[in-house]
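Here's the letter readout for the chains.
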Protein chains: 2
Amino acid sequence: MWLSTIAVLVYASLSHAHTCKLSSDLVKEIRSYQGTVNQIINATTKGLFKGKTYDELAYFVDKFGARQSGSQALEDSIEYLLDLMQSTGYDLENVHGENVTIPHWIRGTQTCEMLSPRRTNIPVLTLGGSVSTSANGVEAEAIVVKDFDDLDRVFEKVKGKIVVYNYEYVNYFANVEYRSNGPSKAAKYGAIATLIRSVTPFSLNTLHTGLTEYEDSIPKIAAASITIEDARMLQRIQDRGDKIVLKLNIQTQNLDPVTSRNVVAEIKGSRDPEKVVLVSGHIDSWDVGVGALDDGGGAFISWYALRVLKALGLKPKRTLRSVLWTAEEEGLIGVQAYDKAHKDELDKHIFVMESDEGVFTPLGLEYVAGHEGECILKEVLKLLAPINATQTKLVDSAGSDITIWKNILPTATLLNRNENYFWYHHTEADTMDVFDPAALDRATALWASVAYVLADLNKDFPRQVPK
Amino acid sequence: MWLSTIAVLVYASLSHAHTCKLSSDLVKEIRSYQGTVNQIINATTKGLFKGKTYDELAYFVDKFGARQSGSQALEDSIEYLLDLMQSTGYDLENVHGENVTIPHWIRGTQTCEMLSPRRTNIPVLTLGGSVSTSANGVEAEAIVVKDFDDLDRVFEKVKGKIVVYNYEYVNYFANVEYRSNGPSKAAKYGAIATLIRSVTPFSLNTLHTGLTEYEDSIPKIAAASITIEDARMLQRIQDRGDKIVLKLNIQTQNLDPVTSRNVVAEIKGSRDPEKVVLVSGHIDSWDVGVGALDDGGGAFISWYALRVLKALGLKPKRTLRSVLWTAEEEGLIGVQAYDKAHKDELDKHIFVMESDEGVFTPLGLEYVAGHEGECILKEVLKLLAPINATQTKLVDSAGSDITIWKNILPTATLLNRNENYFWYHHTEADTMDVFDPAALDRATALWASVAYVLADLNKDFPRQVPK
């Protein structure tokens, strides 16, 4: 998951404050899908597909590892999926890649030694997109600040120093601004590099990377994360009045952009094939860990849902399209390319789903939709009672890539028991071990069921969204 | 905490199955300490010493970092504490170091690359005491086994391979045998190196080291830990029938032993100075993390308890002796030297305490004692009601160093809310962040109170222990 700004992404618990008055015909029609949904649930949780989402994903991440934007591993993994999706037994339709030009930033040397008051290694993880320090690194005094206000207070002391951000963790969305904007805010006062406390509520000396964003008008300075533990240690040392001297060496490379692909597969609609219900996740990951959580799980339930429906012979009236976005971590590059390429077709996109906030125990859906849409979703989610995933939550932005359509199209993301998501996010611990195979099965069932029902209802899902 | 064998250290919940019949005089005498204990509790949790155990320990670990056996940091930290303990305001008595010859093993190069089926780095952490691979490392096929029985079953396939232990976690005491005995058991069948799943119930791709023990009659092979995540990945790859080839390079050094010191400080007894109540922890640590948990916390409450008692002017009838053991991690080296040097004096050791199982929220004491001793401890612990730390638990072995006396002397260890202890144990995450300052204060209070009361009662604590 990539996040640029807070405002967009702080979840609000909203309510349209109305009671649902769907026509009894529509309610009846939705309820008529219970048998189909049960069939999907049985296939994924007990039958042929039990454990398969996990197994297919495990094979995938074991085979390719991390899939960073620009890497050969990403392109190989895309090629593999394109082949797999159209192979015998899978037989998805219209499987193809759609070209996207994406960045090729490479993490290189990343070392930090504390020289004073004690010589010790401080593990660092360069932030995505960071520039380099000078060729042999920089040796400088560090200054620890607790927040941006604190930085503003001590601005006269910042010049020539390495600014260390040691904010108190509130939540990811509140704190990610230090990763995004911290370097430029420090550089404005003359800092020569920045170290940013990893954005997480829990750490076992764990480093978290993620994209940083430079302001154009301000000199770009190297930026890396440090652990909570080291941020707090540096704070203690400074609070005692001791001088901190660091030697930081960050060497990164921005290579030429490469051509990557959004991965597309479909089950063509039987009545209105031009109308699309889209399910998605992103296929790229950071280069630490293997991108199992972010976003292997989301990507896999989003094409495996189609695999299950296809195997069950379920062909909805509208087209079900699975898209695995490329280069999400670099700033939603893949979805923006899709948005441009499919501009003329977007008004035929009935409903858009993305899972990029974990695939832990599924609980239901978070969605952006108007009044009637909300009522339809509440009714559809009731069908998921057999797996206790009936919850619905109106939010002001759902998904990560698909937030670009939040004012345009009804969208939804998987509501799941993801309270520990940020323990693993953008770390070496983003591995298969975050997953419970049974939870993945239920998520596939939910994803397939909702997408199928919305693609198959007689009436189009209402397009209105809150503005 | 170092642990050699399971049997010694599996905690049994025992019971003497009797009701306490202490003399009413003794009960009355114990209860008369409530005011003194309250004074200690107030001083540590509200008064002059509030937060001080944490602050002193934080300064100590920030200043010296890890304190591995043989390192200059360990000796510097010992020197620092010896100075501090006798400095003005601290004024502990008979402060001195007692020489101990300790090992000087050094972790060097530790790299592992998986060459097949995919090239990727596998982070490894060499086990303490491991020998090296050949000078440029070894390149070999890996074989993953689930337990020792599994190893025995596939013994014909082991020769020339790297054995990977991927046991299922049961508990630390059940699984640590893979770290202790895994290398020799694999070498017996001709393995050339071993990788052992880190001994922990929870991981964020976290590596755990610890001492390994070679059998004399079997070739010694290099041994390192890998993460749970990688152990399970290797298992999956093998289960799919794919060949795993690793290049493992472990270079360690066994330098000449060095002279270290057990750190001793006392409050001399007013009536029977030759009789000793001993409180202890170990001052050395592994070289990963900073040894805050293992065993900075235990060591600090064990001398800070005396600091508080001294400041409060509390001088017990018997001598209170604080000992910080050196080189516990290398196999209880410091305590064994003390045992030898103080042989003639051991029958004057009334009660021996060590904290080396975490200093989280204190709950009471785990102890090894006879019937009457048990009753006395239950009564004494009632005095800790103001901090809700009144629990007592009879075990068959208490402490780590002091287990050498478990059949000889009454012993006790801190009972605390340490259910996550093994998340941090022997890892880079053993830092100050494991601690809550208020919990440390209460632990100091408990430690000081119990030691003081047992050292001050009219009657010696009964020497009988279960055999």
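Residues numbered from 1 in each chain as written. Chains lettered and ligands numbered in written order. Predicted model: local features only at pLDDT ≥ 70, side-chain atom pairs only at ≥ 80, totals over all residues. Heavy atoms only, no water.

Draft legend 1. Seen up close, the overall build of chain A. Helix and strand counts for chain A stand at 13 helices and 14 strands. The globule rule puts the C-alpha radius of gyration for 467 residues at 23 Å, and the 23 Å found for chain A is close to it. The proportion of buried residues among the 467 residues of chain A is 63%. Counting only contacts in chain A whose residues sit at least 6 apart along the sequence, the fraction spanning at least 24 positions is 84%. When the accessible surface of chain A is summed, it comes to about 16300 Å², and 48% of that surface belongs to carbon and sulfur atoms. Where the 48 positive side-chain charges of chain A centre and where its 61 negative ones centre are 4 Å apart. (Helix = DSSP H or I, 4+ residues; strand = E, 2+ residues; numbered from the N terminus. Rg over C-alpha atoms; globule rule 2.2 N^0.38 Å. Buried < 20%, exposed > 50% of the residue type's maximum accessible area, 1.4 Å probe, protein only. Contact = heavy atoms within 4.5 Å. Areas by Shrake-Rupley, 256 points an atom, 1.4 Å probe, with all protein chains shown as cover. Lys, Arg positive; Asp, Glu negative; His and termini not counted. Charge placed at Lys NZ, Arg CZ, Asp CG, Glu CD.)

Draft legend 2. Summary view of helix H8 (residues 228-239) of chain A. With 12 residues, H8(A) extends 16 Å from end C-alpha to end C-alpha; this agrees with the ideal 16 Å at 1.5 Å per step. Summarising burial for H8(A): 9 of the 12 residues are buried, a large majority. The complete set of buried residues in H8(A) reads A:Ile228, A:Glu229, A:Asp230, A:Ala231, A:Met233, A:Leu234, A:Gln235, A:Arg236 and A:Ile237. Considering only its buried residues, H8(A) is in contact with strand E1 (93-116), strand E4 (138-145), strand E5 (162-165), strand E6 (193-197) and strand E7 (222-226) of chain A together with helix H4 (52-64) of chain B. Positive backbone phi, approximately 90°, marks A:Gly241, located one or two places after H8(A). (Expected span 1.5 Å × (residues − 1).)

Draft legend 3. View of the relation of the copies chain B and chain A. For the pair chain B and chain A, the superposition axis carries a translation of 0.0 Å, the fit reaches an RMSD of 0.0 Å, and the rotation angle comes to 180°. Each copy turns onto its partner about a two-fold axis. Within chain B, the C-alpha atom positioned nearest to the axis of rotation is that of B:Leu204, 3.3 Å from it. Comparing interface residues between copies, 96% of those in chain B also lie at the interface in chain A; the contact surface is shared. (Least-squares fit on C-alpha atoms with pLDDT ≥ 70 in both.)

Draft legend 4. Quick peek at the packing of aromatic side chains. In this structure the tally under the stated criterion is 55 aromatic pairs over all chains. Between the aromatic rings of A:Phe60 and A:Tyr80, the centroid separation amounts to 6.1 Å while the plane-to-plane angle is 35°, which identifies the pairing as tilted. Taken together, the positions of A:Phe60 in helix H4 (residues 52-64) and A:Tyr80 in helix H5 (residues 72-85) put the pair 20 residues apart, joining distant regions of the chain. A single burial state applies to A:Phe60 and to A:Tyr80, both of which are buried. Consider the rings of B:Trp325 and B:Trp405, whose centres lie 6.0 Å apart with planes at 65°: the pair is edge-to-face. Placement of the pair is B:Trp325 in strand E10 (residues 318-325) and B:Trp405 in the loop between strand E13 (391-394) and strand E14 (411-416), with a sequence separation of 80 residues. Looking at B:Trp325, the relative accessible area reads 0%, which means it is buried. Within the aromatic cluster, the residues linked to one another by ring pairs are A:Phe49, A:Tyr59, A:Phe60, A:Phe64, A:Tyr80, A:Tyr90, A:Phe300, A:Trp303 and A:Tyr304. Over the ring of A:Tyr167 we find A:Arg197; its NZ or CZ atom is 5.6 Å from the centre of that ring. (Phe/Tyr/Trp six-rings, centres within 6.5 Å; stacked < 30°, edge-to-face > 60°. Lys NZ or Arg CZ within 6 Å of the ring centre and 35° of its normal.)

Draft legend 5. Structural context of the domain arrangement of chain A. Residues and elements named next belong to chain A. You can read the domains of chain A as domain 1 (24-103 + 257-456) and domain 2 (118-243). If you average the C-alpha positions of domain 1 and of domain 2, the two centres end up 35 Å apart. With 11 residues of domain 1 in contact, the opposing surface of domain 2 contributes 16 residues. Approximately 980 Å² of surface area, both sides summed, lies buried where domain 1 meets domain 2, with 73% of it carried by carbon and sulfur atoms. Here domain 1 and domain 2 share 0 salt bridges between them. (Domains from an automatic or database assignment. Buried area = accessible area lost by both parts, 1.4 Å probe. Salt bridge = Lys/Arg side-chain N within 4 Å of Asp/Glu carboxyl O.)

Draft legend 6. Representation of helix H5 (residues 72-85) of chain B in the model. Residues and elements named next belong to chain B. Helix length check: H5, at 14 residues, gives a terminal C-alpha distance of 20 Å against a target of 20 Å (1.5 Å per residue), a fit within 8%. Taken across its 14 residues, H5 has 10 buried, putting it largely inside the fold. If you check which residues of H5 are buried, you get Ala 73, Leu 74, Glu 75, Ser 77, Ile 78, Tyr 80, Leu 81, Leu 82, Leu 84 and Met 85. Elements in contact with the buried residues of H5: H4, strand E1 (93-116), strand E8 (245-267), helix H9 (292-311) and E10.

Draft legend 7. A look at unusual backbone geometry. Omega for the peptide link from A:Ser116 to A:Pro117 comes to 5°, which places this bond in the cis form. Among the structural elements, A:Pro117 can be located in the loop between E1 and strand E2 (120-121). For the bond running from B:Asp294 to B:Asp295, omega is 10°, close enough to zero to count as cis. Among the structural elements, B:Asp295 can be located in helix H9. In the Ramachandran plot, A:Ala327 falls in the positive-phi region, its phi being about 55° despite a non-glycine side chain. Structurally, the position occupied by A:Ala327 is in the loop between strand E10 (318-325) and helix H10 (333-341). According to the relative accessible area criterion, A:Ala327 is buried, its value standing at 0%. Positive phi, normally seen in glycine, also occurs at A:Asn388, with a value near 55°. Residue position: A:Asn388 is located in the loop between helix H11 (371-382) and strand E13 (391-394).

Draft legend 8. Fine view of the state of the cysteines. Residues and elements named next belong to chain A. Scanning the entire structure with this criterion turns up 2 disulfides over all chains. A disulfide bridge connects Cys 20 with Cys 375, and the sulfur atoms are separated by 2.1 Å. Across the S-S bond of Cys 20 and Cys 375 the torsion is about -90°, and the bridge reads as left-handed. With Cys 20 in the loop between helix H1 (6-9) and helix H2 (24-31) and Cys 375 in helix H11, the pair connects residues that are 355 residues apart, well separated along the chain. (Disulfide = S-S within 2.5 Å.)

Draft legend 9. Representation of the confidence of the model for chain A in the model. Residue and element names in this part refer to chain A. In the predicted model, chain A carries a mean pLDDT of 96, and the fraction of residues at 70 or more is 96%. Per-residue pLDDT stays below 50 along residues 4-12; that stretch engages in 23 contacts with residues further than four places along the chain or on separate chains. Reported confidences for the modelled complex are a pTM of 0.96 and an ipTM of 0.96. (pLDDT = per-residue confidence, 0-100.)

Draft legend 10. Layout of the environment of A:Ser260. Residue and element names in this part refer to chain A. Secondary-structure assignment places Ser 260 in strand E8 (residues 245-267). The buried category is assigned to Ser 260, whose relative accessible area is 0%. With 65 residues separating them in the primary sequence, Ser 260 and Trp 325 have C-alpha atoms 9.9 Å apart. Sequence-distant contacts of Ser 260, defined by excluding residues within four places in its chain, comprise Leu 74, Glu 75, Ile 78, Glu 98, Asn 99, Val 100, Ile 102 and Thr 326. Of note is the side chain of Ser 260, whose polar atom sits 2.7 Å from the side chain of Glu 75. (Polar contact = N/O pair within 3.5 Å; in protein donor to acceptor, adjacent residues only side chain to side chain.)

Draft legend 11. Local environment of the environment of A:Val450. Residue and element names in this part refer to chain A. Residue placement: Val 450 occurs in helix H13 (residues 437-456). Taking relative accessible area as the criterion, Val 450 reaches 0% and is therefore assigned buried. Here the alpha-carbon distance between Val 450 and Glu 266, two residues 184 residues apart in the chain, equals 16 Å.

Draft legend 12. Main features of the interface of chain B and chain A. Tallying the contact residues gives 28 residues for chain B and 27 residues for chain A. A salt bridge links A:Arg240 to B:Asp62, with the nearest nitrogen and oxygen atoms 2.9 Å apart. For the interface between chain B and chain A, the tally reads 10 residue pairs in polar contact (both at pLDDT 80 or more). Broken down by secondary-structure element, the contributors of at least two residues to the side of chain B that touches chain A are H4, helix H8 (228-239) and helix H12 (421-424) of chain B. Classifying every residue of the side of chain B that touches chain A gives 15 nonpolar, 4 polar and 9 charged. (Nonpolar A, V, L, I, M, F, W, Y, C, P; charged D, E, K, R; others polar.)

Draft legend 13. Main features of the pattern of salt bridges. What the rule picks out here adds up to 46 salt bridges over all chains. Between B:Asp287 and B:Arg107 there is a salt bridge whose closest N-O contact spans 2.7 Å. Of the two residues, B:Asp287 is situated in the loop between strand E9 (272-282) and H9 and B:Arg107 in strand E1; the sequence distance between them amounts to 180 residues. In this structure B:Arg107 comes out as buried when scored by relative accessible area, which is 14%. Among the charged side chains, a salt-bridge network with shared partners connects A:Glu266, A:Lys268, A:Arg321 and A:Glu345.

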